[in-house]
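Residue-level listing of the chains:
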Amino acid sequence: MVRSRATAFSQNMNFLVLPKVTVNIPTAKVNTQGWTVPNGIILADPTFFNPSSVDMVLGIESFFDFFETGRRIPLGDQLPTLNESVFGWVVCGGLTNPSQGSSINCSTATTQGLEELVARFWASEEIGSSKVLSLEESKCEDIFRKSVRRESDGRYSVSLPKDEDAISRLGESRDIAFRRLQGTERRLARDVGLREQYHQFMEEYIRLGHMTKIEETADLEKRCYLPHHPVIKEASTTTKVRVVFDASCKTSSGVSLNDALLVGPIVQEDLRSIMLRSRVKIIMLVADVEKMFRQIFVLQVDRPLQCILWRFDPSEPVGVYKLNTVTYGTKPAPFLATRTLNQLAMDEEEQYPMAARATTEDTYMDDVITGADTVENARELCKQLNEMTSKGGFKLRKWASNHQAVLESVSEDNLAIRVSEGINLDPDPVVKTLGLTWMPTSDQLKFQFTIPGWNASHQPTKREVLSVIASLFDPLGLLGAAITTAKVIMQLLWRIRNDDDQALDWDQPLPLTVGEMWKKYYDELPLFNSILNPTDDAGFLEKVAKGVSVPVAGQVQALEASN
């Protein structure tokens, strides 16, 4: 009868079949010496005390249906309890065992770091399309439209899009911010060069009015203190060291500022469309917006949520500062910056129609990639973009074009490639834009991937391989045939199992079979950087075909079978 009831339940359930559900339960053998199970009791699992694999995980929606009688039999003090179920009697509860130490396991998942790079690698091939805004995105847009304000100098002030319920649950954050400051100070003390650049960054923040020192009084305003740390970007032609503010740091209540802020929708066109559209123009123009986030002020009422602790010397008292502008590291910052830029285009469209269109259609984050079909139109477009953005408090810099005469009105300081300072030994200097390297003189695009110089004896790990693969950013899909190999390898790394039927560990060297496949691919990766003039379809495709091999289906099947 018990079995028939269990069968009836199972017939009304949906099952998801997986190769392995979870770890063996129990994790160690249970000593049942001294236990007394009453006569006539049929256990659902007579060998429950031995570690074994889990056959099934039942959802909470069905769980209590299996214990309909509610009958329980205690086995003794500090021992589990027998509970009657439709499967038979089940041993439930905790067990005190002095010979074994307690163990607490915590599983966490994160999309930061390497996971973000891998996601970016796959997302780069997605085709942009219009979509219906989610409730959160609609709310974010509504908050922006109702709160955005243009100041007397033309700059914009915006509100932080907040989840008010989560804001009310923000806990204490000063202690963790102070401990993180001390950690940053110790790091700066060990690196004089880094300390100087960090101090310069903070001095500029104060000088430009982007942060203001305040008195640390016991007032009633709710403050959130953001830890900060340096990020070094060697490839940058301007600021090598940037200060990043950690709005994801949890407060004492377990809620971070980012948990209480809304993300907002994507308001710009997709990267591929912008890049392709720029290549159909005879004259190409590129520039970027200097310190775009920091040109937009946050309304006074929201600034207490963006406080930091800072001092220029560890011997000084700690100062409290409010960040006055949109802050890099907060969740809605990209939306607020791009949406404000679009707002400027809408407000100034009548006077600057060409610039407004380029801003809304040919801008990706802070990079403008646009163009025109004549020198006259290109000059007018450049002029309108400079004038319109300056009216909103923004400044365009790093201007470049494949027709130098277009940039005659741009000051030398705002050019990406300066021509008057000494002798340029490079006959075709490059400009990096949106993941590609562009040579304006010859109007050619090329790839420039940073490939680690591992020696022949180095055995790469799963983490190292994925890091290299994720760096192969190809927004136009020009390397699609060759990058297919990288995708195959990536998928194989997830399918490979060890002798214990566990997935390959992040820091475990690759098995021999897939390792040889990766080595062959890795040795050919530098050929990507030698590919030039992708507009020459025949020559380009020939180099890709000869440069980086693509595995045939049989090779992949053989590798999967061997693992």
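None of these values were measured; they are calculated from a predicted model.

**Q** Please explain the overall build of the protein chain as it appears in this structure.
**A** Looking only at helices and strands, the protein chain has 16 helices and 18 strands in total. Counting every position in the protein chain, which comprises 563 residues, the buried fraction comes to 41%. Looking at the protein chain alone, contacts between residues at least 24 apart form 70% of all its contacts between residues at least 6 apart. Summed over all atoms, the accessible surface of the protein chain reaches about 31100 Å², with 52% contributed by carbon and sulfur.

**Q** Sorry, what's going on with the confidence of the model for the protein chain here?
**A** Detailed reading of the predicted model is not advised wherever pLDDT is low. With 77% of its residues at a pLDDT of 70 or more, the protein chain shows a mean pLDDT of 81. Across the protein chain, the secondary-structure element scoring lowest on mean pLDDT is helix α16 (residues 553–562), at 44, and the one scoring highest is strand β10 (residues 297–298), at 98. Within the model, the stretch residues 421–425 combines pLDDT values under 50 with three contacts to residues more than four positions away or in other chains. Confidence drops under a pLDDT of 50 for residues 543–560, and excluding neighbours within four residues, the segment shows 30 contacts in the predicted structure.

**Q** Just checking my understanding: could you explain unusual backbone geometry for this structure?
**A** Most peptide bonds are trans, and most residues other than glycine sit at a negative phi. Although it is not a glycine, K291 adopts a positive phi angle of roughly 45°. As for its placement among the helices and strands, K291 is situated in the loop between β9 (283–289) and β10. A positive phi angle is found at D443, which is not glycine, with a value near 55°. By secondary structure assignment, the location of D443 is in the loop between β17 (436–439) and β18 (444–446). In this structure D443 comes out as partly exposed when scored by relative accessible area, which is 26%.

**Q** It is not clear to me how the packing of helix α9 (residues 333–348) against helix α11 (residues 375–391) should be interpreted in this structure. Could you clarify?
**A** Each pair of packed helices can be summarised by the angle the axes make with each other and by the distance between the axes. As a packed pair, α9 and α11 sit with axes 10 Å apart at the nearest point and diverge in direction by 110°. In terms of orientation, α9 and α11 fall into the roughly perpendicular class. Residue-level inspection shows L344, A345 and E348 of α9 in contact with α11, the latter providing M388, T389 and K391. Here the contact of α9 with α11 is built from residues that sort into three nonpolar, one polar and two charged.

**Q** Just checking my understanding: could you explain the sheet that holds strand β4 (residues 149–150) for this structure?
**A** The pairing of strands in a sheet happens through backbone hydrogen bonds and is either parallel or antiparallel. The three strands lie next to each other as β4-β5-β10, forming an open sheet whose pairing is mixed. Edge positions in the open sheet fall to β4 and β10, since each of these has one partner strand only. Where β4 meets strand β5 (residues 156–158), two bridges bridge the pair, whose relative direction is antiparallel. If you follow R150 over to β5, its bridge partner there is Y156. On the sheet, α9 packs against β4 and β5 and is oriented at approximately 135° with respect to β5.

**Q** I keep staring at the environment of E380 and nothing clicks. Help me out?
**A** For E380, the position within the fold is in helix α11. Judged by relative accessible area, E380 falls into the partly exposed class, the value being 31%. For E380 and A355, which are 25 residues apart along the polypeptide, the C-alpha to C-alpha distance reads 9.0 Å.

**Q** How should empty space enclosed by the protein be read in this particular structure?
**A** Picture a little ball the size of a water molecule; that probe, rolled over the atoms, points out where space is still empty. Summed over the entire model, instances satisfying the criterion amount to two cavities of 30 Å³ or more. Of the volumes computed, that of the second largest cavity is approximately 30 Å³. Forming the walls of the second largest cavity are V289, L341, T359, T363, V368, L385, T389 and L396. Considering only residue class, the lining of the second largest cavity consists of five nonpolar, three polar and no charged.

**Q** Could you clarify how one ought to interpret the pairing of strand β3 (residues 88–92) in this entry?
**A** Looking along a regular strand, one sees side chains alternate from face to face of the sheet. Strand direction decides the pairing type here: strand β2 (residues 81–85) and β3, joined by five bridges, are antiparallel. When the bridges of β3 are listed, T81 appears paired with C92. Counted along the chain from β2 to the antiparallel partner β3, the turn is two residues long.

**Q** Even after reading the chapter, I still don't get the sheet that holds β17, so can you show me in this structure?
**A** The strand order β16-β17-β18 describes an open sheet built from three strands, whose pairing is antiparallel. Looking along the sheet, the strands with just one partner apiece sit at the ends: β16 (431–433) and β18. The mean inter-strand angle of the sheet, taken between neighbouring strand axes irrespective of direction, is 35°. Pairing of β16 with β17 involves three bridges; the strand directions are antiparallel.

**Q** Looking at this structure, I do not really get the environment of K446. What am I missing?
**A** Structurally, the position occupied by K446 is in strand β18. According to the relative accessible area criterion, K446 is partly exposed, its value standing at 22%. Sequence-wise, K446 and V430 are 16 residues apart; in three dimensions their C-alpha atoms are separated by 9.4 Å.

The rules we used
- Residues numbered from 1 in each chain as written.
- Predicted model: local features only at pLDDT ≥ 70, side-chain atom pairs only at ≥ 80, totals over all residues.
- Heavy atoms only, no water.
- Helix = DSSP H or I, 4+ residues; strand = E, 2+ residues; numbered from the N terminus.
- Buried < 20%, exposed > 50% of the residue type's maximum accessible area, 1.4 Å probe, protein only.
- Contact = heavy atoms within 4.5 Å.
- Areas by Shrake-Rupley, 256 points an atom, 1.4 Å probe, with all protein chains shown as cover.
- pLDDT = per-residue confidence, 0-100.
- Axes fitted to C-alpha atoms, helices over the stretch in contact; angles between N-to-C directions.
- Parallel < 35°, antiparallel > 145°, perpendicular 65-115°, else oblique.
- Nonpolar A, V, L, I, M, F, W, Y, C, P; charged D, E, K, R; others polar.
- Pairing = 2+ DSSP bridges.
- 1 Å grid on protein atoms, 1.4 Å probe; cavity = no way out; pocket = protein on both sides within 12 Å on 5 of 7 lines; lining within 4 Å.
- Points joined across faces, edges and corners; volume = space filled by probe spheres on them.

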